[in-house]
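Chain by chain, the residues run as shown.
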Amino acid sequence: MRRMPKRLWIETVGCQMNVLDSELVVAALRRQGWDMARGPAEADAVFYNTCSVRQHAEDKIYSALGRVRLEKQKKPDLVVGVLGCMAQKDQELIRKRAPWVDLVVGPGQLHQVPSLVADVLAGGGPRLEVSLDRKGAARDAIARSFESYDPDRDPAMRPTPFQAFIRTQTGCDKFCAFCVVPHVRGPEQARDPDTILAEAEKLVAEGCREITLIGQTVNSYKFANGGRTTRLADLLVRLDAVAGLDRIKFVTNYPRDMTDDLIAAVRDLPKVSHYLHVPAQHGSDDVLARMKRGYTIGEYMEMLGRIREAIPQAAVTSDFIVGFCGETDAEFELSLDLVRTVGFKNSFIFKYSPRPGTKAHERLPDDVPEEIKKERNRLLLEAQAEVSLAGNRRFIGTRQEVLVEGLSTRDEKREVDVGPDGVAQLTGRTMCDRIVVFDAPMRLVGRLVDIDIDDAGAWSLSGRVADGLADAVPLDELALSGESATPLYDIALPQAPPRSTAPTPEA
Ligand code: SAH
Ligand code: F3S
């Protein structure tokens, strides 16, 4: 009798890095004969790929662990795993709080997951695998303990077959006072550009049309080999030359590393999206200094000026933290001013959440009351929504080239099932990363299509396929072979994740 394959359920919280890590873990287990379960109830292993950036994200995982305990009581062989940043941050504490967890695996040990699961299934008992603490050893030893995890990809595991993330570097060395990432993701380590290029070429050969390079500070990318140094701009030049690739994006940028050569590359390379996520975090110099961000608002504005001058149509987006230690009303007003004067396409706004191990947690009191954080969050979001609406309305009456991504959230919820020629409400993105919603045949998914924009809201545009085009585009089997998807990049936008490996907005 043939043995049934083991089945995996994985829930992913947090950023693009986690989405990619989940894709890679799933791919590795599939190569060992595992299948995906349709839900935790039918799974042989349930994994949580976790985020530590704010307390809320951790609380969600601890409550999910409470629920999975009931499954484990029904099925004692169920393997429960906590992967990623929380595993690195909380380590033994996870099994203290949830003794039914079998695997605790940090972001630097994900390559071990298949063998660790096999050990647990063979009765070897619970396992904890994490990297060295950033304060506990020499930099080289710590760096080695955070092994980059970039094995062969499995196209079936991506939310869409024509979009993929590629890691440029792991970790972060900036140590912003509020941020846990350098502690849980380790020192910054760049991947070899040849490896990145080979990965891109392989993805494109499999049908991928859009690549998003991801790094905590992607624009700090620097790889030295012999006498040659490759920076992000050089990498973009090489990727732009890959035949069959349509679009290239990269996130997240650190304001101080927004160099002129990078801005010129975005301006000159036809495939590079005119979209720059460069978080300001705050509008006040004093708060930025307390945050140890390493720049002033004057310097941030100077950087924006260089972007605007070179690429006037570029969309710039930001992250903001409200209620950081000691934030006064007057300081908060400066964040409001910055949102209004810059006109960001979009901003992700977070309430400050103290993170053990960070400088802010050690040295500054978390003294802004929760109610005030909430109110400031609301006010900043309101200001951003006004700015976003005004920015989007400028597109009404224009024609935009859109990379079609899949069913819109509305039609995905309705579970419309149309054939390749059936018309559904689809969604895609412009060259400057604006979401566009339009009715079109499913066979356009995965293609670049011109859309005439006729309406705009704060978070998306809507329009019609430009005359005659829908009929002119030949049927593309490749684009139809994958599932449709909701875009993943703006994880804080109110969008449903396409499936269990997609991240859930956690703040
Ligand atoms: N460079 C990373 C940043 C990761 S954290 C990237 O790839 O985006 C993402 C955002 O979360 C940060 O830009 C910041 O705005 C917010 N954030 C980080 N630590 C936080 C904390 N302790 N409390 C609230 N928000 C935080
Ligand atoms: Fe965090 Fe600052 Fe790095 S926000 S990821 S420490 S650039």
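Everything quoted here is computed from the prediction, not taken from an experiment.

## Digging into the nonpolar core
Alright, step 1. Leu213, Leu232, Leu236, Phe250, Tyr300 and Phe324 are the most contacted members of the largest nonpolar core, which has 67 residues in total.
Alright, step 2. Those residues in contact with Leu232, other than ones at most four positions away along the chain, are Leu213, Val218, Asn219, Tyr221, Phe250 and Leu262.
Alright, step 3. Counting 28 residues, the second largest nonpolar core, distinct from the first, contains Val25, Ala28, Leu83 and Ile214.

## A word on the site of ligand 1
Alright, step 1. In the vicinity of ligand 1 lie 13 residues, with Arg54, Gln216, Gln281, Asp319 and Ser353 positioned nearest.
Alright, step 2. For ligand 1, an oxygen atom lies 2.7 Å from a polar atom in the side chain of Gln281.
Alright, step 3. A distance of 2.7 Å is found between a nitrogen atom of ligand 1 and a backbone nitrogen or oxygen belonging to Ser353.
Alright, step 4. Within the complex, the protein chains bury 88% of what would otherwise be the 550 Å² of accessible surface of ligand 1.
Alright, step 5. For the shell around ligand 1, the elements supplying multiple residues, two or more each, are strand E15 (315-322) and strand E16 (346-351).
Alright, step 6. Its residues assigned to classes, the shell around ligand 1 comprises five nonpolar, four polar and four charged.

## Considerations on helix H15 (residues 370-393)
Alright, step 1. Helix length check: H15 (24 residues) gives 34 Å between terminal C-alpha atoms against 34 Å at 1.5 Å per residue, within 8%.
Alright, step 2. Every buried residue of H15 is accounted for by Lys373, Arg376, Asn377, Leu380, Ala383, Gln384, Val387, Ser388, Gly391 and Asn392.
Alright, step 3. Elements that come into contact with the buried residues of H15 comprise E15, helix H13 (329-342), E16, strand E20 (448-456) and strand E21 (461-465).

## Some points on the sheet that holds strand E13 (residues 247-251)
Alright, step 1. Within the open sheet, the three strands sit side by side as E7-E10-E13. Their pairing is parallel. The sheet is open, and its two borders are formed by strand E7 (163-167) and E13, each paired with just one other strand. Adjacent strand axes in the sheet meet at a mean angle of 25°, parallel and antiparallel pairs treated alike.
Alright, step 2. Sheet strands touched by helix H9 (residues 232-240): strand E10 (210-214) and E13. Its angle to E13, the strand with the most contacts, is close to 160°.

## Side note on the confidence of the model for the chain
Alright, step 1. Per-residue confidence for the chain gives a mean pLDDT of 90; residues scoring 70 or more make up 91%.
Alright, step 2. Counted against residues more than four places away or in other chains, residues 470-502, with its pLDDT under 50, gives 102 contacts.

## Quick notes on the site of ligand 2
Alright, step 1. Around ligand 2 sit Cys172, Lys174, Phe175, Cys176, Phe178, Cys179, Val181, Pro182, Gln216, Thr217 and Arg293, and those are all the residues in its vicinity.
Alright, step 2. Considered class by class, the residues forming the shell around ligand 2 number seven nonpolar, two polar and two charged.

## A closer look at the domain arrangement of the chain
Alright, step 1. Taken domain by domain, the chain consists of domain 1 (7-144), domain 2 (152-393) and domain 3 (398-477).
Alright, step 2. Using C-alpha coordinates to define each centre, domain 1 is positioned 37 Å away from domain 3.

## Concerning the pattern of salt bridges
Alright, step 1. Enumeration over the complete set of coordinates arrives at 42 salt bridges.
Alright, step 2. Residue Arg191 pairs with Asp150 through a salt bridge whose shortest N-O separation is 3.5 Å. Of this pair, Arg191 sits in the loop between strand E9 (189-190) and helix H8 (193-205) while Asp150 is found in the loop between helix H6 (139-145) and E7, placing the two residues 41 residues apart along the sequence. Of the two residues, Arg191 and Asp150, neither departs from the other in class, the shared state being buried.
Alright, step 3. The residue Arg376 makes a salt bridge to Glu327 at a minimum N-O spacing of 2.7 Å. Placement of the pair is Arg376 in helix H15 and Glu327 in the loop between E15 and H13, with a sequence separation of 49 residues.
Alright, step 4. A residue is classified by how much of its surface remains accessible, and Arg376, at 5% relative accessible area, is buried.
Alright, step 5. One network of salt bridges, in which partners are shared, links Asp21, Glu23, Asp150, Arg153, Arg158, Arg167, Arg185, Arg191 and Glu199.

## Re the side chain of Gln163
Alright, step 1. Position of Gln163 relative to the elements: it lies in strand E7.
Alright, step 2. A distance of 3.1 Å separates the side chain of Gln163 from the side chain of Glu210, its partner in a polar contact.
Alright, step 3. Within the structure, the side chain of Gln163 is placed 2.9 Å from the side chain of Glu405, a separation counted as a polar contact.

## Let's talk about the environment of Ala141
Alright, step 1. Within the fold, Ala141 resides in helix H6.
Alright, step 2. In this structure the C-alpha to C-alpha distance between Ala141 and Asp268, which are 127 residues apart in sequence, comes to 40 Å.

## What to know about the packing of H13 against H15
Alright, step 1. In contact at an axis separation of 9 Å, H13 and H15 are set at 15° when each is read in the N-to-C sense. The angle between the axes of H13 and H15 places the two elements in the roughly parallel class. Seen from above, H13 lies across H15 with right-handed handedness. Residues Asp329, Phe332, Ser335, Leu336, Val339 and Arg340 of H13 touch H15, and the partners they reach there are Arg376, Leu379, Leu380, Ala383, Gln384 and Val387.
Alright, step 2. For the contact of H13 with H15, the per-class residue count stands at seven nonpolar, two polar and three charged.

## Some details on unusual backbone geometry
Alright, step 1. Of note, the bond from Val251 into Thr252 is cis; its omega dihedral lies within 30 degrees of zero at 0°.
Alright, step 2. Relative to the elements of secondary structure, Thr252 occurs in the loop between E13 and helix H10 (260-268).
Alright, step 3. Positive phi is not limited to glycine here, since Gln281 has a value of about 75°.
Alright, step 4. Position of Gln281 among the secondary structure elements: in the loop between strand E14 (275-277) and helix H11 (285-290).
Alright, step 5. In this model, Lys292 sits at a positive phi of 55°, which is unusual for a non-glycine residue.
Alright, step 6. Assessed through its relative accessible area of 41%, Lys292 is described here as partly exposed.

Reading the values: the criteria
- Counting starts from 1 at the beginning of each chain's written sequence and moves along it residue by residue.
- The order in which chains are written sets their letters, starting at A; the order in which ligands are written sets their numbers, starting at 1.
- Where local features are concerned, this predicted model is filtered to residues with pLDDT of at least 70; where side-chain atom pairs are given and counted, the filter is 80 or more; whole-chain, interface and lining totals use all residues.
- Side-chain metrics rest on all non-hydrogen atoms present in the structure, leaving aside hydrogens and water.
- Definition of nonpolar core: a set of buried residues of the types Ala, Val, Leu, Ile, Met, Phe, Trp, Tyr and Cys, connected through side-chain atoms within 4.5 Å.
- Note on exposure labels: buried denotes an accessible area under 20% of the residue type's maximum, exposed denotes more than 50%, and partly exposed covers the range between, all computed with a 1.4 Å probe on protein chains only.
- The criterion used for residue contact is that any of the two residues' heavy atoms lie within 4.5 Å.
- Throughout, the term near means that a residue has one or more heavy atoms lying within 4 Å of the molecule or strand in question.
- Pairs of N or O atoms within 3.5 Å make up the polar contacts considered here, provided that, within protein, one atom can donate a hydrogen while the other can accept it, and that residues adjacent in sequence are counted only when both atoms are side-chain atoms.
- In this description, accessible areas are obtained by the Shrake-Rupley approach with a 1.4 Å probe, and a residue is regarded as covered only by the protein chains that are shown.
- Segments assigned H or I by DSSP are reported as helices when at least four residues long, segments assigned E as strands when at least two residues long, and all are numbered from the N terminus.
- Each residue gets one of three labels, nonpolar for Ala, Val, Leu, Ile, Met, Phe, Trp, Tyr, Cys and Pro, charged for Asp, Glu, Lys and Arg, and polar for the others, Gly among them.
- Here the expected length of a helix is defined as 1.5 Å per residue gap, with one fewer gap than residues.
- Note on pairing: two strands pair once DSSP finds at least 2 bridges between them.
- Axis angles are defined between N-to-C directions and span 0 to 180 degrees, where every axis is a line fitted to C-alpha atoms and, for a helix, only to the segment in contact.
- Each residue carries a pLDDT score, the predictor's own confidence in it, on a scale running from 0 to 100.
- Each domain's extent is set by a domain assignment, obtained either automatically or from a database.
- Salt bridges are defined as contacts in which a side-chain nitrogen from Lys or Arg sits within 4 Å of a carboxyl oxygen from Asp or Glu.
- Angle categories are assigned with fixed cut-offs, so that under 35 degrees is roughly parallel, over 145 is roughly antiparallel, 65 to 115 is roughly perpendicular, and the rest are oblique.
- Here a crossing is taken to be left-handed if its near helix is turned anticlockwise relative to the far helix by less than a right angle, and right-handed if that turn runs clockwise.

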